[in-house]
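# Chain and residue survey
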Amino acid sequence: MSAREQQQAQPPQPAAAAASEAAELDAANRYEAVLPHWFYCKVMDSRERWIPFSTQDSERLEEAHGSGRDKEDLVVPTSGGRYDVHLKKRQRVAVYWEEEVSEVRRCTWFYKGDKDNKYIPYSETFSEELEEAYMIAVTLDEWKKKLESPNREIIILHNPKLMVHYHPVATSDDWGSTPTEQGRPRTVKRGVENIAAEIPNGEPLQIDHLVFVVHGIGPACDIRFRSIVQCVNDFRNVSLSMLQAHFKKAQEQQQIGRVEFLPVNWHSSLHSTGVDVDLERITLPSINRLRHFINDTILDVFFYNSSTYCQTIVDTVASEMNRLYQLFLQRNPLFKGGVSIAGHSLGSLILFDLLTNQKAAPEEDEHSEEGSRTTSSNRGIEEVKEILQKLELSEYCDVFEKEKMDRQALFLCTEKNLKEMGIPLGPRMKILHYISSKREMQDQSAAAPGHSGERGAEPASPSQRDPDSTDDGKNCQYRDVGLGQVSANYPQLNYKPTIFFAFGSPIGMFLTVRGVKRINPNYSLPTCKGFFNIFHPFDPVAYRIEPMIVPDLEFEPMLLPHHKGRKRMHLELKEGLTRMSVDLKNNLLGSLRVAWQSFTRAPLPAVEAASTDAEAEAETSVEKQPDTKPDETSTAVKEEASLINVGRLNGGNRIDYVLQEKPIESFNEYLFALQGHLCYWESEDTVLLVLKEIYQTQGITLDQPLPGSQ
């Protein structure tokens, strides 16, 4: 049958369908210019991926491009100021760290890739050719346009909704086939709105706080072997989502912007000293990959405990943080916020050692010493009053206060001094006996064997003195916490950190190994008033800090609340079952006790009356037990735990915070141990605690307080 006969055989189309088709053609004939979007190319797993800039950055780049200034070497800051785009060179360059330069494109036309079905933008020149051909086709309604790409590939514009990219299978020289034979067609799309790309809106321009993040051992920081830059990018992205979820009110009122997180890399500087070449000479050839992994990661711990390489590490970390801080201020001259620091694994120990060796400004030392003298003298007088009350000599408090007698002066008193103060013989004997007994205790503690580190034998730390002593002992505190540190010249930071966050930190273990048995409750970091030790319960590298400050008291770390405002269901179930078993045990024991007493009841009246009283008491105790609600008990325990005095290391607040494990992690602790040490970068609960504590220093709180939070 001929084509004309086929057309005659087709039934006539309805008038409505014909009208709609005409309207579509009329609309199609109206050409509208395509809206460009800017992309940059990033190599991931040896593949090129084109990633869109945020809407905010793309508009800024398009504005600079439209102004005609891209012919100059115009630089446009993007990604919150962490990357600069050189418009003329079409390059994206990292500002704060070293990274390969990325290609930048102003994209309008895209084709679907072969391997991962991701859309790839055409070059800007060829996109202009495609756009021109598309404009002619739409205006003249002439389709089936063929274009040849720079790679001799064919693009055919069939209609506005169907455009195809043909990739030749082979040439005639290879397999004998002609160039007209084409392989599987690939879809072509016009405009970024047609490729379903995830385009972020952009980051708030206002930066409220700056956080430097120091990595641990090795070049890789998570289980996917990603660098510190990539992990901190994840941490920053999670922080932006947590701000939107939990600080929405403050954002709407424009009280806050965002927190900037910048990575600090020391591993590459350490391993560029030539030590890798020296290690290569002595490394055995067997189990090659394992040995190289150990040389590149685990040996970092030993390097840090070597005075030579420890100096390199602390110099690198301090100088890098100072460099980043100065560069950040140059690029953000209006920044008035504070600076905090965070360290993961060994990085937290490096920061802790740096902070313990910082020196406060001289004027601050004078003010603090004057204030401490005043407060210590007042506190000393109050302590003398407490001692007198303990000895039942409260009536002499006014006499001691009049003589401005603090605790230290009291211990220097002789019988003659007390007699001159008008204290009678009996009270004098009591006071002198108390002083002599305390001196004996102090002598015994001083006679205990001391500890020695690389700095030599140290005098008795404040923790080894009289437990009632309130003397700050500033110099002794430095020796206490700094005991056994590697002998190095610790550089000074150009700023005073607001808070120090430690993730999966071995600080407690290293202090113990160095010989520090106890941290003085009065000790605080010289220039940093906040310290949070955050860890996963299965993290094999993490250790607690609080038991070193309060060794005589057993208590749990603070449980970090879930970012969605409740405890994980499996933990609630576990607690519920535990409470149920305790209640059943108590009720069962109470019932058995009552039954036994009724069974062994004697017939004598006097004994019967006594047993009846005992039975009544037992029944009363059994009846009272269910009245104490488990929820109320757990709440009271939580409140009591949060009110424990753990010293001044975190300004009197709790230091140790434990994450809630995921349900799947609770099945096998050993299986998820490594994941537990590397989970902090994408942990919403960790990020939320960091944001909460940072903004709390500015007087800004969460929209709704999370249950169980301090």
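All figures in this text were calculated on a predicted structure; none of them were measured in a lab. (Residues numbered from 1 in each chain as written. Predicted model: local features only at pLDDT ≥ 70, side-chain atom pairs only at ≥ 80, totals over all residues. Heavy atoms only, no water.)

### Here's the deal with unusual backbone geometry
Backbone geometry at Ser79 places phi at a positive 50°, although glycine is not the residue there. Assignment of secondary structure puts Ser79 in the loop between strand 3 (75-78) and strand 4 (83-86). Using a relative accessible area of 16% as the deciding quantity, one classes Ser79 as buried. A positive phi angle, near 60°, is found at Ser345, a position not held by glycine. Along the chain, the position of Ser345 falls in the loop between strand 15 (338-344) and helix 13 (346-356). (Helix = DSSP H or I, 4+ residues; strand = E, 2+ residues; numbered from the N terminus. Buried < 20%, exposed > 50% of the residue type's maximum accessible area, 1.4 Å probe, protein only.)

### Some details on the side chain of Asp539
Positionally, Asp539 belongs in the loop between strand 19 (530-535) and helix 21 (546-549). For Asp539, which is buried and forms no salt bridge, the nearest opposite charge comes from Arg544, at a distance of 13 Å. Among the polar contacts made by the side chain of Asp539, one reaches the side chain of Tyr680 at a distance of 2.6 Å. Look past the residues within four positions of Asp539 in its chain and what remains in contact with it is Gly504, Ala673, Gly676, His677 and Tyr680. (Lys, Arg positive; Asp, Glu negative; His and termini not counted. Salt bridge = Lys/Arg side-chain N within 4 Å of Asp/Glu carboxyl O. Polar contact = N/O pair within 3.5 Å; in protein donor to acceptor, adjacent residues only side chain to side chain. Contact = heavy atoms within 4.5 Å.)

### Things to note about the packing of helix 12 (residues 307-331) against helix 13
Their axes nearest at 11 Å, the elements helix 12 and helix 13 cross at an angle of 80°. In terms of their interaxial angle, helix 12 and helix 13 are classed as roughly perpendicular. Two secondary-structure elements touch here, helix 12 through Ile313, Val314, Val317, Ala318 and Met321 and helix 13 through Ile350, Leu351 and Leu354. Across the contact of helix 12 with helix 13, the residue classes break down as 8 nonpolar, no polar and no charged. (Axes fitted to C-alpha atoms, helices over the stretch in contact; angles between N-to-C directions. Parallel < 35°, antiparallel > 145°, perpendicular 65-115°, else oblique. Nonpolar A, V, L, I, M, F, W, Y, C, P; charged D, E, K, R; others polar.)

### With respect to the confidence of the model for the protein chain
Overall, the predicted model of the protein chain reaches an average pLDDT of 79, with 73% of residues at or above 70. Within the model, the stretch residues 602-612 combines pLDDT values under 50 with 5 contacts to residues more than four positions away or in other chains. (pLDDT = per-residue confidence, 0-100.)

### Examining the side chain of Ser683
Mapped onto the elements of the fold, Ser683 is located in the loop between helix 25 (673-677) and helix 26 (684-696). With sequence-adjacent residues up to four places away left out, Ser683 is seen in contact with Val238 and Leu659.

### What to know about empty space enclosed by the protein
This model, assessed by the stated rule, comprises 2 cavities of 30 Å³ or more. What lines the second largest cavity is Val211, Val213, Phe235, Phe261, Ala342, Phe501, Phe503 and Val690. Of all elements in the fold, only strand 13 (207-214) and strand 18 (499-503) reach the threshold of two or more residues within the lining of the second largest cavity. Of the residues assigned to the lining of the second largest cavity, the class counts are 8 nonpolar, no polar and no charged. (1 Å grid on protein atoms, 1.4 Å probe; cavity = no way out; pocket = protein on both sides within 12 Å on 5 of 7 lines; lining within 4 Å. Points joined across faces, edges and corners; volume = space filled by probe spheres on them.)

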